[in-house]
Each structure stands twice: as structure tokens, then as C-alpha cells.
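Each chain is listed here by its residues.
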Amino acid sequence: VSWISLGTALGIVAVTGVTVLAVALERTWSPQRAFVWIALASGLAFILPFPVTNYLSWDDEIHYDNALQLSYVFDTEETASDTMIIERYAIEDGFTHDATFGRFNNDIPYWGLADVTGFADEFSSQADAESVTVEEGLGTTLTKFSLVAYLPGAIGLWIGRLLHVPYAVTFVLGRLANLLSYVLVTYFAIRTIPTRKTLLCIVALLPTSIFLAANYSYDAWLTSWMMLAVALTVRELEAPEQLTLSRWALLLLVYFFALSPKAIYFPLMALLMLIPTSKYASKGQRSRYYLLAVFVALLVVSTFALGFLSTGGGEGDTRVFEEASGTGQVGHIMQNPLHFAWTLLSFLFGAYLSIPMVSASLASYGYLGNPSDFYPLLAAALVAFVMIIAVVESPKRGTESFGRLRGAAWALALCVMTLLLIAAALYISFTPVGSSTVEGVQPRYLIPLILPFCVFVLDIPHRWRINDRALSAVSLSVSALYLVFFTWKLFSSTIVA
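Remember, predicted model here, so these are calculated numbers, not experimental data. (Residues numbered from 1 in each chain as written. Predicted model: local features only at pLDDT ≥ 70, side-chain atom pairs only at ≥ 80, totals over all residues. Heavy atoms only, no water.)

Turning our eyes to something else, we now look at the overall build of the chain. For the chain, the helix and strand inventory stands at 21 helices and four strands. A compact globule built from 497 residues would reach a C-alpha radius of gyration of about 23 Å, and the chain, at 23 Å, matches this within 12%. Looking at the 497 residues of the chain, the share that counts as buried comes to 55%. Sequence separation of 24 or more characterises 80% of the internal contacts of the chain that already satisfy a separation of 6 or more. Accessible surface, the chain: about 20,900 Å² in total, of which carbon and sulfur atoms supply 67%. Positive and negative side-chain charges of the chain, numbering 27 and 35 respectively, have mean locations separated by a distance of 23 Å. (Helix = DSSP H or I, 4+ residues; strand = E, 2+ residues; numbered from the N terminus. Rg over C-alpha atoms; globule rule 2.2 N^0.38 Å. Buried < 20%, exposed > 50% of the residue type's maximum accessible area, 1.4 Å probe, protein only. Contact = heavy atoms within 4.5 Å. Areas by Shrake-Rupley, 256 points an atom, 1.4 Å probe, with all protein chains shown as cover. Lys, Arg positive; Asp, Glu negative; His and termini not counted. Charge placed at Lys NZ, Arg CZ, Asp CG, Glu CD.)

Topologically, Asn 66 is positioned in helix 3 (residues 60-72). Asn 66 sits in the buried class, given a relative accessible area of 5%. The spacing of Asn 66 and Leu 377 is 311 residues in sequence and 38 Å in space, taken between C-alpha atoms. Here the side chain of Asn 66 touches Tyr 150 through a polar contact of 3.0 Å, side chain to side chain. (Polar contact = N/O pair within 3.5 Å; in protein donor to acceptor, adjacent residues only side chain to side chain.)

Let us now look at helix 5 (residues 113-126). An ideal rise of 1.5 Å per residue puts 20 Å on 14 residues; helix 5 measures up with 20 Å between its terminal C-alpha atoms. Every buried residue belonging to helix 5 is among Leu 113, Val 116, Phe 119, Ala 120, Glu 122 and Phe 123, and all of these are buried. (Expected span 1.5 Å × (residues − 1).)

We now examine the nonpolar core. Residues Phe 35 and Trp 248 are the most contacted members of the largest nonpolar core, which totals 151 residues. Here this core takes 13 residues from helix 10 (residues 219-238), the largest share from any one element. Other than its neighbours up to four places away in sequence, Phe 35 contacts Tyr 182, Val 183, Thr 186, Tyr 187, Ile 190, Cys 201, Ala 204 and Leu 205. (Core = buried A, V, L, I, M, F, W, Y, C linked by side-chain atoms within 4.5 Å.)

This part is about unusual backbone geometry. Positioned with a positive phi, Asp 75 is a non-glycine residue whose angle comes to about 50°. Note on placement: Asp 75 falls in strand 1 (residues 74-78). Assessed through its relative accessible area of 37%, Asp 75 is described here as partly exposed. Of note, His 164 is a non-glycine position whose phi angle comes to about 55°, a positive value. Along the polypeptide, His 164 turns up in the loop between helix 6 (151-163) and helix 7 (167-192). His 164 gets classed as exposed once you look at its relative accessible area, which sits at 72%.

A contiguous nonpolar patch, built from Leu 151, Ile 155, Trp 158, Ile 159, Leu 162 and Leu 163 and spanning about 550 Å² of accessible area, is present on the exposed surface. Within the secondary structure layout, Ile 155 lies in helix 6. (Patch = residues over 30% accessible without salt bridge, like charges linked within 9 Å, V, L, I, M, F, W, Y side chains within 5 Å. Salt bridge = Lys/Arg side-chain N within 4 Å of Asp/Glu carboxyl O.)

Okay, helix 1 (residues 3-25) next. Turn by turn, an α-helix covers 3.6 residues, leaving residues three or four places apart pointing in a common direction. In a regular helix each residue adds 1.5 Å, so 23 residues correspond to 33 Å; helix 1 covers 33 Å between its end C-alpha atoms and thus fits that length. What helix 1 keeps buried is the set Ile 4, Ser 5, Thr 8, Ala 9, Ile 12, Thr 16, Thr 19, Val 20 and Val 23. Looking at the buried positions of helix 1, the neighbouring elements they touch are helix 2 (31-47), helix 5, helix 21 (468-490) and strand 4 (495-496).

This brings us to the packing of helix 10 against helix 11 (residues 245-259). Interhelical geometry of helix 10 versus helix 11 gives an angle of 160° and a closest axis separation of 8 Å. With respect to each other, helix 10 and helix 11 are oriented roughly antiparallel. For helix 10 against helix 11, the interelement crossing comes out left-handed. Between helix 10, through Trp 221, Leu 222, Trp 225, Met 226, Leu 228, Ala 229, Val 230, Leu 232, Thr 233, Arg 235 and Glu 236, and helix 11, the contact on the second element is made entirely by Arg 247, Leu 250, Leu 251, Val 254, Tyr 255, Phe 257, Ala 258 and Leu 259. For the contact of helix 10 with helix 11, a count of residues per class yields 15 nonpolar, one polar and three charged. (Axes fitted to C-alpha atoms, helices over the stretch in contact; angles between N-to-C directions. Parallel < 35°, antiparallel > 145°, perpendicular 65-115°, else oblique. Left-handed = near helix turned anticlockwise from the far one by under 90°. Nonpolar A, V, L, I, M, F, W, Y, C, P; charged D, E, K, R; others polar.)

Turning next to the confidence of the model for the chain. Averaged over every residue, the pLDDT of the chain is 87; residues scoring 70 or more account for 92%. Helix 18 (residues 399-402) is the least confidently modelled element of the chain, averaging 46 in pLDDT, while helix 7 averages 96, the highest of any element. (pLDDT = per-residue confidence, 0-100.)

Once that is clear, we can look at the packing of aromatic side chains. Scanning the model with the defined rule gives 36 aromatic pairs in all. When the ring of Phe 95 is compared with that of Phe 123, the centres are 5.1 Å apart and the planes differ by 65°; the resulting orientation is edge-to-face. With a gap of 28 residues between them, Phe 95 in the loop between helix 4 (80-86) and strand 2 (111-112) and Phe 123 in helix 5 connect regions that are remote in the sequence. This pair shows no difference in class: Phe 95 is buried, exactly as Phe 123 is. A cation sits over an aromatic face here: Arg 161 above Tyr 72, 3.7 Å from the ring centre. (Phe/Tyr/Trp six-rings, centres within 6.5 Å; stacked < 30°, edge-to-face > 60°. Lys NZ or Arg CZ within 6 Å of the ring centre and 35° of its normal.)

Before going further, it helps to spend a moment on the side chain of Thr 223. By the element assignment, Thr 223 lies in helix 10. A residue is classified by how much of its surface remains accessible, and Thr 223, at 8% relative accessible area, is buried. Discounting chain neighbours no more than four positions away, the residues touching Thr 223 are Tyr 182, Ser 209 and Ile 447.

Evaluated as defined, the whole model comprises six salt bridges. Linking Asp 219 and Lys 262 is a salt bridge whose minimum nitrogen-to-oxygen distance equals 3.3 Å. Within this pair, whereas Asp 219 is found in helix 10, its partner Lys 262 is found in the loop between helix 11 and helix 12 (283-311), the two being separated by 43 residues in sequence. For the pair Asp 219 and Lys 262, one class covers both residues: buried. Lys 279 serves as the salt-bridge partner of Glu 236, at 3.4 Å between the closest nitrogen and oxygen. With Glu 236 in helix 10 and Lys 279 in the loop between helix 11 and helix 12, this residue pair connects regions lying 43 residues apart in the sequence. With relative accessibility at 3%, the residue Glu 236 sits in the buried group. A network of salt bridges, in which partner residues are shared, links Asp 219, Lys 262 and Arg 444.

What follows concerns the side chain of Glu 393. For Glu 393, the location among the structural elements is in the loop between helix 17 (376-392) and helix 18. Within the local environment of Glu 393, its side chain forms a polar contact with the backbone nitrogen of Lys 197, the two atoms lying 3.3 Å apart. Within polar-contact distance, the side chain of Glu 393 engages the backbone nitrogen of Thr 198 at 3.0 Å. In this view, Glu 393 contacts Trp 29, Arg 196, Lys 197, Thr 198, Leu 199 and Leu 471; residues no more than four positions away in its chain are not counted.

Next comes the structure, spelled out in C-alpha cells:
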């Protein structure tokens, strides 16, 4: 195994050991700091051994293209090296192979460190002025509502060009900025939430989340900001003082940022309705606050609803299925509404919400592989681990803070509604017309729903109390073990000397 892979893996172990020991011994309990160090070490273990490549995470080349355009704003410059990343399987002049390193349909990939570093040198040497093409005008990313989610990666790319560092270093800076953004926002989420701090740490350290944060994916933005939104919501549920306009505006702003890359999660904004009536100064104030929330929700929904309605469903995404047609699928749904409803329900509760799929949502490594395929019991144990922590870590206040039954039922309904909307959207845009199943609903789409589900639905009353520091130390150790093992098995060990 290459020295850099071994070094990064040992780095996770060393950082985790010191961090967990500090959590267990320090007088001030601050699991958010432990999360920062473990997440950074784990993310760097993805970034450093393989500095320049694509086809790691889902649609990574598309996300890189969007970040690149945003980093320029106007007159986007694309070098031959950028083209190698943006166009999957492209081989430009001066390159020995494509940026995927032959990962397509390769079951057991191994890559030599010399090839990895040599390919990074090719990227740096080919990113010269002679290979630049310019797309004049405003980048297309800036016309999308999701542009804000690409800000971290764009800033990293811009800093790399500003410092005139080699292309490989610039590419790494973009990925590193995305990781730092995820870690920073999640840090404030853990610091903000008054209860369930360990649970939030565990959810934030899920292998899929760290893997996506270490790439150009906008899922890291969605996940981290949604965790912050849930943390602020729980804080309002726990706080005795009345709700003010400034705190309500902050809640709406955080939800707005969270939903910017994937507006279809907008039903989660209705978690704000769990805030009890006693938190409002009057019924009139509550009505005004609700109207403001509805306005923000409609603004979010309009980003994809208006485009869909204006095209009647569109042509559909035919990258996988040539039979996909948005317009044709809408016509089929109008003629067979019961078949459509049965297809969604049977897919959701018969296939998607199965143990293998849920396991894959927590520990999937994109195109590198899925631990549930190799170690199904170990992957399923991760699901059980998260649920156990959710049940064991009781809130500091009593049942009156959450209104347990009402909150559980409402949160569960919102999660199911969100999944049905996701399935419906992909049935229309991605699935062949008239199909009896739904294609394209990936396990990772469950990630933003895990924390709301665990906090509100798994809020089961009990009488026992567990030492917070001990629970954090043990839980963080288990999470780090999962990260080290899965990262080593599917990624680090495949880079050989």
C-alpha cells in the first residue's frame, strides 16, 4: 500500500484517539470540537491520496463544472485539464488516460501511486494558456437557484488561481473548501442544539456524508445546513422565552440556504409548526410568522415547479433510459393515477426503505463501492447504532418540550411526504414511461432526513440517564472505526506503491 494512503489512515486513528481521550477527560463537554478533528482527518484521507480524478462521487464532473463557472462568474475559462474532469472519459492531448483511471465496470480497481502522482503532474502541465477556451458571458451556474451550494468549491478554485499554484493543488483546494464548509456549518449545528449533541455528531460523521463533503458534491451543503436548521428548531422548542422576529428570520434563512441545492426537501420546513403556541406573543404574531414561512417555502418550490409547469414535464433525463420522457410520463399519470400512486407506494415501502438501501445511504462511497454489498451485517449494524444512540440520548427537558406523540407523527409524515415527492420527481423525469417502478432514487437521498427522523420520531421516553462524556467518547470511537474501516477497504488500500 502506498505511504500516503497508509499515512492518512493512521492519521485518522491517531487524531480520533487523541480527540476521544480529550472528550472523555476534559471538564467542559464539547463534542463539536471532537467532530471537527475527526471529520477533517477523515476528509483529508479521501483528498490527499488521489488529488485529481473524477468519477468518485455521483455526478462529480457536473458539480465541478458548476463550481468552476461560479469561481469565474463571467467569461469562464476552461483548460484542457478542466475538460478532462468535466467530460467523463475524455482524453485530451498530453494525457495518458482519462480522469476516471479506468474505473468504469472495474470491480477490483488498484492504482499505482506513481501513476496517480504522474497523472496529477500531467494535469498541472496541461492547464496552460494555450489550452484555454473561454465561455463568454455569465456562467450558467449563476442562473440556478442551487448556485449558493457551490460557493465553497468555487472559493477554493479561485484561491488556487489567485496563488498561481499547480492545477492539481487548485483542484485539491476546491475539495478542501467543500470539506471545510461542511465541518464549519456542522460545528455550529452541534454547538447550537441543546440536546442530542452526540446523535448529531454521529449523523454528521456517517461515511457517506464525509465522502461527499470531500468531493465537489452539493450534498454536503444540503446536509450540513439542514442539520443546522434542525438544531435551531430544537433550540426554539427547548428555549423558555418567546419567539422573536429576528430568531424566526434566522430559522427561515437557514432553511432557505439548506434547501437551495435540492428544493424538493421543502416539506421539512414544516418542522417549524412543532413550535408550541406558547412561544408566540399572540395568535396574530403566529399567523404573520406562518405567512412569512409560507412565502419562503413557495419561493423555494418555485425554483423547480415553474420550470416543470412551463415545459409540461420536459423531455426527461435520457442519460440512462432512452424511453424517459417527462411529457409522456405526465400523460401516463393523468390517464392512470391509481397506477402512479401504487407505483410510488410500493417502491417506497417495498424496495427503497429496506435495510440494504438504508444501510447504503449511511455508508455508500459512490462509484467506489457500497459496504453493504461486501459486509451486509456490518452495514446494517451501522443503522442499528444510529437508532440506538437516538433512543438512548434523552433530551434534558421533559416531554412537554417536544410534545412527543404529536412531534413524532408530524415529523414522520413530513419525511414520508418528502420521499414521495422525490420518487414522483424521478418517476417523471428519469423513469421510462409507464414503468411499474421508480428509477434513479439513490440511497444518499435519505441522508438529510436522518436527523429529523431520529430527533423527533425516535424521541422515545425513558427514565435512565447516561453520562454525556462517556456516551460521546464511546460513540465517536465507533463512528471513527466505521470511517477507518470502510475508507481503507474501498479507497485507501486500492492505491498501491
